[in-house]
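# Descriptive structure summary
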Amino acid sequence: FHGKAVRVQQRLLQRFPDDLALRNQMGVTFLMMNQASAAKDVFEAVLEIWPNDGFAQKNFFLVIICNGTDIQNESLLSDGIHFDYHSNFISDFMAFLIIVHYGFILKTTDSNNAHGAHYMRRGIDSGAEGTQDGRFYFHLGDALQRQGLTEQAYEVYDRAVEKGLFLNRYQRSLYNVDHLTSRPVWSVEQTAHTEFFRKLEANWEVIRDEGVALLSVPPQDGFRPEAENLQDTGDWKQYELFSRGRKITANCVKAPTTCALIESYPAAAGCKRGQVKFSVMQPKTHVHAHTGPTNCRLRAHLGLVVPSHVHLRVANKMLIWENGKIIIFDDSWEHEVWHNGTTYRLILIVDIWHPDLNDQEKRSLAPI
């Protein structure tokens, strides 16, 4: 549907090239298609409006998007032109929808947390239709946290909880099933997967040896950098074995025992909303406070090579890894990692279906 919409909008722009509202609508369509870079190009092109479009149109969009303060666009500002906010050039809700999406792009595509937070906050605070989306609250709070503005971030999260967008201020996943038991940290016995986890612990040394051997594999075939921009310092890499309920055969060839153990247990091997992977973290690494996308899984960590001074916070609970031991938490709750040790930390991460899900729910849930 959205692809057809873009094609129609492109044809209309060929006929009406000076229609600013049409260009803005095309940018929003790209956002709905998760094509943030294309949307960014559209919105920034609007900021380069040619002179015969008129000063009023030019400054209308500049004030909405830039508020006259965005240093990225200062050279485009004109003197002596004042924007009439009650202009019917485009609707107020569309203006604020553009603002919040523009901030979302700056944060998620350009990693510009300060400007992204500024525009997302303006859009959200308007209360306009389309701006009260969990994604915007999620990324506004995250942008604030990454700037060290933790109290402001939790104020944003609490507002989202009041609107029913998050489960609580620490549990901010967006793809949820309502009836599931919620706690940040689980014991092995609480998971209903006790036998499986004890089997992993019993075989931890073999799993460790396969993980350590993979550290010497060339980069093109070995561990890959964490791809979600979650760390602010250090080095953190992963080696996937299962993803979205599917075995990665080419990788499992290099870790046959580990993969056989996982494959023997469908709740892990077939978890469409999770992964199984080795995770290696080097000293002086800090992973930002963040949350996973869904409450439909639990995340287990099996300690394989664990130095001292490495810590995991889940909500307000501090955890440490131990060689050969499983720790389990719900990664839809906020968690953060510090590696202040002197040697690498290696663990096996295993996502497994939440024990409260029934078989029909597992079959019907879309992969993540």
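In the nomenclature of an unreviewed UniProt entry, the protein chain corresponds to Aspartyl/asparaginy/proline hydroxylase domain-containing protein from the organism Halocaridina rubra.

Here we take up helix H7 (residues 134–146). Structurally, the α-helix is built with 3.6 residues per turn, so residues lying three or four positions apart point the same way. Here H7 spans 18 Å end to end across 13 residues, near enough to the 18 Å set by a 1.5 Å rise per residue. Across the 13 residues of H7, 12 count as buried, placing the element largely inside the fold. The set of residues buried in H7 consists of Gly134, Phe136, Tyr137, Phe138, His139, Leu140, Gly141, Asp142, Ala143, Leu144, Gln145 and Arg146. The opening residue of H7, the one whose side-chain oxygen lies 2.8 Å from the backbone nitrogen of Arg135, is Asp133. Phi turns positive one or two residues past the end of H7, at Gly148, with a value near 80°.

With that out of the way, let us pick up the sheet that holds strand E9 (residues 310–314). With antiparallel pairing, the five strands of this open sheet are ordered in space as E3-E7-E12-E9-E10. Edge positions in the sheet fall to strand E3 (231–233) and strand E10 (317–319), since each has one partner strand and no second. Between one strand and the next, the sheet's axes are offset by a mean angle of 20°, whatever the strand orientation. Bridge count for strand E7 (residues 285–290) against strand E12 (residues 335–339) is four bridges, and the pairing is antiparallel. Bridged to Val287 within E12 is Val337.

A few words on the pairing of strand E11 (residues 326–329). Of the two faces of E11, the one lined by Ile326 and Ile328 and the one lined by Ile327 and Phe329 are each fully buried. In the sheet, strand E8 (residues 297–305) pairs with E11 via four bridges, with the strands oriented antiparallel. Residue pairing for E11: His301 is matched across the bridge by Ile327.

All told, the structure shown has 17 salt bridges when counted by the stated rule. Asp209 serves as the salt-bridge partner of Arg208, at 3.2 Å between the closest nitrogen and oxygen. Overall, Arg208 belongs to the partly exposed group, its relative accessible area being 23%. For Asp209, a relative accessible area of 44% translates into the label partly exposed.

All right, on to the packing of aromatic side chains then. Using the criterion set out here, one finds eight aromatic pairs in the structure. Aromatic side chains Phe223 and Tyr239 sit 5.7 Å apart centroid to centroid with 45° between the ring planes, which places their arrangement in the tilted category. Residue Phe223 is found in the loop between helix H10 (204–214) and strand E2 (224–225), and its partner Tyr239 is found in strand E4 (residues 236–243); the two are separated by 16 residues along the sequence. Each residue in the set Tyr154, Tyr157, Phe166 and Tyr170 is aromatic and connected to the rest through ring pairs, giving one cluster. It is Arg172 that lies over the ring of Tyr157; its NZ or CZ is 3.8 Å from the centre. The ring of Trp321 carries the charged tip of Arg345 above its face, separated from the ring centre by 4.8 Å.

Rules behind the numbers
Residues numbered from 1 in each chain as written. Predicted model: local features only at pLDDT ≥ 70, side-chain atom pairs only at ≥ 80, totals over all residues. Heavy atoms only, no water. Helix = DSSP H or I, 4+ residues; strand = E, 2+ residues; numbered from the N terminus. Expected span 1.5 Å × (residues − 1). Buried < 20%, exposed > 50% of the residue type's maximum accessible area, 1.4 Å probe, protein only. Polar contact = N/O pair within 3.5 Å; in protein donor to acceptor, adjacent residues only side chain to side chain. Pairing = 2+ DSSP bridges. Axes fitted to C-alpha atoms, helices over the stretch in contact; angles between N-to-C directions. Salt bridge = Lys/Arg side-chain N within 4 Å of Asp/Glu carboxyl O. Phe/Tyr/Trp six-rings, centres within 6.5 Å; stacked < 30°, edge-to-face > 60°. Lys NZ or Arg CZ within 6 Å of the ring centre and 35° of its normal.

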